[in-house]
2 protein chains.
Amino acid sequence: MTSQIKYLLDETHLPKAWYNLAADLPVPLPPVLHPGTKLPIGPADLEPLFPMALIEQEVSTVREIEIPEPVRAVYRQWRPSPLFRARRLEQLLDTPARIYYKYEGVSPSGSHKPNTAVPQAFYNREAGIRKLTTETGAGQWGSSLAFAGSLFGIEVQVFMVRVSYDQKPYRRALMETYGARCIASPSPETHAGRTILASQPNHPGSLGIAISEAVEVAAQRADTKYALGSVLNHVLLHQTVVGQEALAQLELADDYPDILVGCTGGGSNFAGLAFPFLGVQLRGGRKVRVIAVEPAACPSLTRGKYAYDFGDTGHLTPLVKMHTLGSTFTPPGFHAGGLRYHGMAPLVSHLAELGLIEARAYHQLRCFEAGVQFARAEGILPAPEANHAVRGAIDEALRCKEEGVSRAILVNLCGHGHFDMQAYMDYFAGKLRDLSYEESELAMALAGLPSV
Amino acid sequence: MTSQIKYLLDETHLPKAWYNLAADLPVPLPPVLHPGTKLPIGPADLEPLFPMALIEQEVSTVREIEIPEPVRAVYRQWRPSPLFRARRLEQLLDTPARIYYKYEGVSPSGSHKPNTAVPQAFYNREAGIRKLTTETGAGQWGSSLAFAGSLFGIEVQVFMVRVSYDQKPYRRALMETYGARCIASPSPETHAGRTILASQPNHPGSLGIAISEAVEVAAQRADTKYALGSVLNHVLLHQTVVGQEALAQLELADDYPDILVGCTGGGSNFAGLAFPFLGVQLRGGRKVRVIAVEPAACPSLTRGKYAYDFGDTGHLTPLVKMHTLGSTFTPPGFHAGGLRYHGMAPLVSHLAELGLIEARAYHQLRCFEAGVQFARAEGILPAPEANHAVRGAIDEALRCKEEGVSRAILVNLCGHGHFDMQAYMDYFAGKLRDLSYEESELAMALAGLPSV
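Residues numbered from 1 in each chain as written. Chains lettered and ligands numbered in written order. Predicted model: local features only at pLDDT ≥ 70, side-chain atom pairs only at ≥ 80, totals over all residues. Heavy atoms only, no water.

S.K.: Requested: an account of the overall build of chain A, with residues and values cited.
M.R.: Helix and strand counts for chain A stand at 19 helices and 15 strands. Over its C-alpha atoms chain A spans a radius of gyration of 20 Å, differing by no more than 12% from the 22 Å that the globule rule assigns to 452 residues. C-alpha extents for chain A along the principal axes are approximately 60 × 50 × 45 Å. Within the span of chain A, comprising 452 residues, buried residues form 66% of the whole. Sequence-distant contacts in chain A: of pairs separated by 6 or more residues, those separated by 24 or more amount to 76%. (Helix = DSSP H or I, 4+ residues; strand = E, 2+ residues; numbered from the N terminus. Rg over C-alpha atoms; globule rule 2.2 N^0.38 Å. Buried < 20%, exposed > 50% of the residue type's maximum accessible area, 1.4 Å probe, protein only. Contact = heavy atoms within 4.5 Å.)

Below you can see the structure in the form of structure tokens.
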């Protein structure tokens, strides 16, 4: 039997600094605007929501930002995470491609999210903050912040999209085990929630609404701040430990990726893997083709406008320039809750505009098919979000086979699917379906976006 | 913040051989008897069920049994597994104890079970076997054998205790994702199953019944064998990679355990950790206090008879000498399905008789309490089975505090609880309860066992 190869780094190779792509961008990121004045905001405008250390990271153009030792101490529980050469999958596909995957499911909550949850909890505690509010969709982010909060003694309040709250009680139970409080959103606890419930008592919720609720609660109290699990610059920054480790691990493998693949919802796991490699390229080093894979049912990068928009439905956040389907876009209930966000991280959107990355959208059935193929070959069951990246990697590997070319493909396997078995059951039972062409186009038309 | 310490070994420290405790036993293990003749059985008697390589391991007294390279190649995906010093838990308990845990939840199926599933699948494939049958309770074993089967191209058929089949659809979905077929037991597919269904169409099933069904199917076809996830000598042997790694990791920590703690259902994860340390002791090295923790609702070691008994309810297996509650004992439906077996591994039972290990039983509520405490301190959510071991370790750590003594405690954290969130939800909702004294004594009396 062909066997996998694992590239493991010891703790001395845990990165000492996060890599800040802003230092190497050929064109700076468009500024964040105040929704009232439409003028660039300053750090003080963000202070009700975030501690100053994170605001500084949000706007920094310094290339390396030191990771505080208490954060590294927590990272060491599961980092450096393993990099695998997927030789069993390669054999199954009969491809000359060399497929590598970085596996982030080894964290306590089973995904890449603690990479940023831990420093966010740390900086907030350093600033004397006692409580963090946040939103969550599938629950990967909420459970990761709950984990981080439990370590640093910070109370965590999670607004969970109601449809997920009802359908995913086990993710909620994990948050509660870590000591967090989890509330179905829209909730009666906020003005934003009450307004929606007044007209639609059974509203299924959305990430945009849950963000409005979490922001509203955080803005009201000096000892309470808000934490976001993706989209923002500092969140993407924290994820760059992933790509930095992968660079070192591929050196051990004496290889370098021709192609990088990540799935994108808000963009953080994708950025975490890709930014350090793009940095090498932007500083004159080796080039890499970078592919962002998103769900066809929520195609912000491939179908959205590149425009200033709100991060939330209640329009409480500043305006950021990003690929967006519109802040009131409600994606259909497909089984990758972590990818159901109307916008894309400004940094990732900017890279797409600069032509430094490409994007593609997949319907979910082919992603589950890829996930099952991956699980049977590699033993690890990917989360539905990660299945999108796996699909992208498999398609590139099959292209290598067609063309008779051996390329190195590196994919970010951002989480395991142990909390997503209902999705796999629905897939096997034939209950999952893809949006039809007509449904997709109708959704785009309703969002004011052009058809294809 | 106090931080954990992780002791990681690189792949060169992956054990090259399993450690066979039989080589160092001061008194040999009582023989396995033929149920008809009551005489010791020979290898040929086991041939309908197991390939000869495993039968040889079952009876071997050679100290080191080489791990085949294809098995090591698969082990390398997650092994050597990490050993942690639980300094955050120590701080929370304010104990002078040094608590270490070996974490087996890093395997693809989330528990220690693949340590034996992989070699069992390997040896069967080497023997030309095309199909394996097995039983599973909570599903950790079934999903691990399904994983191993998918790697070696062996069809896997799992008889899952009906009550678990109905209550734990997600474990079933994991098995099916790996390509296994999962059947609720008792089933109409076997004589053993049909006999029970004829009189009790809604029988909830038991491990003893599921074993009967799996054995019956395996015995009928030359290309089909049976695989067991615990109890047998060769299964315990395969788990000794755990303790061997822990020995090397504690050397890195410049420490040695005063106390070892593991949970026991059939006994395999406990044995995997303890046997290598007991071997050191039996060869004249340092002594260690070894504590087996079992559920008070299925107390084979603390309340069972030490006697020859069947491994299954249908009496298809040979007779083994073990601590047993009787082959027809049906444990109540507490939330640690992996510990609901009427007997205890003959090797573990033998050690208890020789006074080389001690045993204690805990009711489930205090185990969940310990598990939640552990999750909040260490970030890892233990499986309900592992909570028993965690409870034992915490109690020993609290005793250290009372006595003002610093002892090193090593516990086997045999699996994560990501598939067991319903149990945690029930615990938080106050729906779990312990057996009363009267209920426990009634169960013992019905099993023909003395009261306390």
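From this point on, the discussion continues.
S.K.: Residues and numbers for the relation of the copies chain B and chain A, please.
M.R.: Of the two same-sequence chains, chain B is brought onto chain A (RMSD 0.0 Å, axial shift 0.0 Å) by a rotation of 180°. Classification of the inter-copy transformation places it as that of a two-fold axis. Of the interface residues in chain B, 100% have counterparts in chain A that sit at the interface too, so the contact is made through matching surfaces. (Least-squares fit on C-alpha atoms with pLDDT ≥ 70 in both.)

S.K.: An account of the interface of chain B and chain A is needed here, citing residue identities and associated values.
M.R.: Listed by partner, the interface residues are 46 residues for chain B and 46 residues for chain A. Of the roughly 3,900 Å² buried where chain B meets chain A, counting both sides, 60% is carbon and sulfur surface. Summed over the shared surface of chain B and chain A, the number is 0 salt bridges. The tally of links from chain B across to chain A stands at 21 residue pairs in polar contact (both at pLDDT 80 or more). Of all the secondary structure elements, the ones that give two or more residues to the side of chain B that touches chain A are α3 (69-75), α6 (140-152), α8 (169-177), α16 (364-378) and α18 (421-428) of chain B. Looking at the side of chain B that touches chain A, the element that brings in the most residues is α8 of chain B, giving 6 residues. By residue class, the composition of the side of chain B that touches chain A is 27 nonpolar, 10 polar and 9 charged. (Buried area = accessible area lost by both parts, 1.4 Å probe. Salt bridge = Lys/Arg side-chain N within 4 Å of Asp/Glu carboxyl O. Polar contact = N/O pair within 3.5 Å; in protein donor to acceptor, adjacent residues only side chain to side chain. Nonpolar A, V, L, I, M, F, W, Y, C, P; charged D, E, K, R; others polar.)

S.K.: So, the sheet that holds strand β11 (residues 289-295) of chain A: which residues are in play, and what are the values?
M.R.: Residue and element names in this part refer to chain A. Spatial strand order, β1-β4-β5-β15-β10-β11-β14: 7 strands in an open sheet with mixed pairing. Only two strands of the sheet have a single neighbouring strand rather than two, namely β1 (5-7) and β14 (358-362). Within this sheet the neighbouring strands show an average axis-to-axis angle of 25°, counted without direction. Where strand β4 (residues 83-85) and strand β5 (residues 98-103) come together, 3 bridges link them in antiparallel fashion. Following the sheet pairing, F84 is matched in β5 by Y101. Against the sheet, helix α12 (residues 241-252) touches β1, β4, β5 and β15 (408-413), its axis set at about 140° to β5. Packed on one face of the sheet, helix α17 (residues 384-403) meets β5, β10 (259-263), β11, β14 and β15 and runs near 170° to β15. (Pairing = 2+ DSSP bridges. Axes fitted to C-alpha atoms, helices over the stretch in contact; angles between N-to-C directions.)

S.K.: Break down the pairing of strand β5 (residues 98-103) of chain B for me, citing the residues and quoting the values.
M.R.: Residue and element names in this part refer to chain B. Extensive coverage of β5 is indicated by the burial of 5 of its 6 residues. Here β5 runs beside strand β15 (residues 408-413); their pairing, made up of 6 bridges, is parallel. Residue pairing in the sheet places K102 in a bridge with N412 of β15.

S.K.: Lay out the packing of aromatic side chains with the relevant residues and their values.
M.R.: Tallying each qualifying case throughout the model produces 29 aromatic pairs over all chains. Consider the rings of W18 of chain B and Y123 of chain B, whose centres lie 6.5 Å apart with planes at 55°: the pair is tilted. With W18 of chain B in strand β2 (residues 17-19) and Y123 of chain B in helix α5 (residues 114-126), this residue pair connects regions lying 105 residues apart in the sequence. An aromatic cluster is present here, built from W18, F122, Y123 and F152 of chain A joined pairwise through their rings. Sitting over the ring of Y165 of chain A, R172 of chain A keeps its end group 4.1 Å from the ring centre. (Phe/Tyr/Trp six-rings, centres within 6.5 Å; stacked < 30°, edge-to-face > 60°. Lys NZ or Arg CZ within 6 Å of the ring centre and 35° of its normal.)

S.K.: So what about the packing of helix α13 (residues 268-282) of chain A against helix α15 (residues 346-353) of chain A? Which residues, and what values?
M.R.: Between two packed helices, what matters for the description is the angle formed by their axes and the separation of those axes. Residue and element names in this part refer to chain A. Contact pair α13 / α15: the axes reach a minimum separation of 11 Å and the direction vectors enclose 50°. One way to sum up the angle between α13 and α15 is to call them oblique. Here the hand of the crossing between α13 and α15 comes out left-handed. Contacts between α13 and α15 involve F270, A271, F275 and L278 on the former and, on the latter, L347, V348 and L351. In terms of residue class, the contact of α13 with α15 is made up of 7 nonpolar, no polar and no charged. (Parallel < 35°, antiparallel > 145°, perpendicular 65-115°, else oblique. Left-handed = near helix turned anticlockwise from the far one by under 90°.)

S.K.: Go over the side chain of S107 of chain B with me, naming the residues and quoting the values.
M.R.: As for its position among the elements, S107 of chain B is in the loop between β5 and α5. Dropping the residues within four chain positions of it, S107 of chain B is found in contact with W78 and P114 of chain B.

S.K.: Before we move on, can you summarise the pattern of salt bridges with the specific residues and values?
M.R.: Residues and elements named next belong to chain A. Enumeration according to the criterion identifies 48 salt bridges over all chains in this entry. Of the charged contacts in the structure, one is a salt bridge between D420 and K168, with a shortest N-O distance of 2.9 Å. One end of the pair, D420, is in the loop between β15 and α18 (421-428); the other, K168, is in the loop between α7 (162-167) and α8 (169-177), with 252 residues separating them in the sequence. In this structure K168 comes out as buried when scored by relative accessible area, which is 17%. Among the ionic pairs, R289 bridges to E358, the shortest N-O distance being 2.9 Å. Of this pair, R289 sits in strand β11 while E358 sits in strand β14, and the two are 69 residues apart along the sequence. The class of R289 is partly exposed, set by a relative accessible area of 27%. It is possible to trace a salt-bridge network through shared partners that takes in E11, E69, R72 and R76.

S.K.: Run through the sheet that holds strand β7 (residues 155-161) of chain A, naming residues and quoting values.
M.R.: The strands that make up a sheet pair up through hydrogen bonds in the backbone, lying either parallel or antiparallel. All names here are of chain A. Read across the sheet, 4 strands follow the order β8-β7-β6-β9 without closing on themselves; strand pairing throughout is parallel. Two strands bound the open sheet, and with one partner strand each, they are β8 (181-185) and β9 (224-226). Pairwise comparison of adjacent strand axes, ignoring direction, gives a mean angle of 25° for this sheet.

S.K.: Could you give me a rundown of the confidence of the model for chain A, with the residues and numbers involved?
M.R.: Within chain A, residue pLDDT values average 95, and 100% of them lie at 70 or more. In the predicted complex, the global pTM is 0.95; the interface-specific ipTM is 0.93. (pLDDT = per-residue confidence, 0-100.)

S.K.: Could you give an account of the packing of helix α5 (residues 114-126) of chain A against helix α6 (residues 140-152) of chain A, with specific residues and numbers?
M.R.: Residues and elements named next belong to chain A. Interaxial distance between α5 and α6 falls to 8 Å at its minimum, and their mutual angle equals 40°. The orientation of α5 with respect to α6, classified from their angle, is oblique. For α5 against α6, the interelement crossing comes out right-handed. Between α5 and α6, the contacting residues are P114, T116, A117, V118, Q120, A121, F122 and R125 on the first element and W141, S144, L145, F147, A148, G149 and F152 on the second. Its residues assigned to classes, the contact of α5 with α6 comprises 10 nonpolar, 4 polar and 1 charged.

S.K.: Can you explain the nonpolar core? Please cite residues and give values.
M.R.: Side chains that are nonpolar tend, in soluble globular proteins, to be buried together. Formed by 203 residues in total, the largest nonpolar core has its most connected members in F275 and V348 of chain A together with F275 and V348 of chain B. The greatest single-element share of this core, amounting to 8 residues, is contributed by α13 of chain A. V348 of chain B has contacts with L236, G267, F270, A271, F275, L301 and I357 of chain B, leaving out every residue within four places of it along the chain. (Core = buried A, V, L, I, M, F, W, Y, C linked by side-chain atoms within 4.5 Å.)

S.K.: Which residues make up the environment of G208 of chain B, and what are the values?
M.R.: All names here are of chain B. Along the chain, the position of G208 falls in helix α10 (residues 207-220). The exposure class of G208 is buried, given its relative accessible area of 5%. Residues G208 and Q4, 204 residues apart in the sequence, show an inter-C-alpha distance of 41 Å. Sequence-distant contacts of G208, defined by excluding residues within four places in its chain, comprise D312, T313 and G314.

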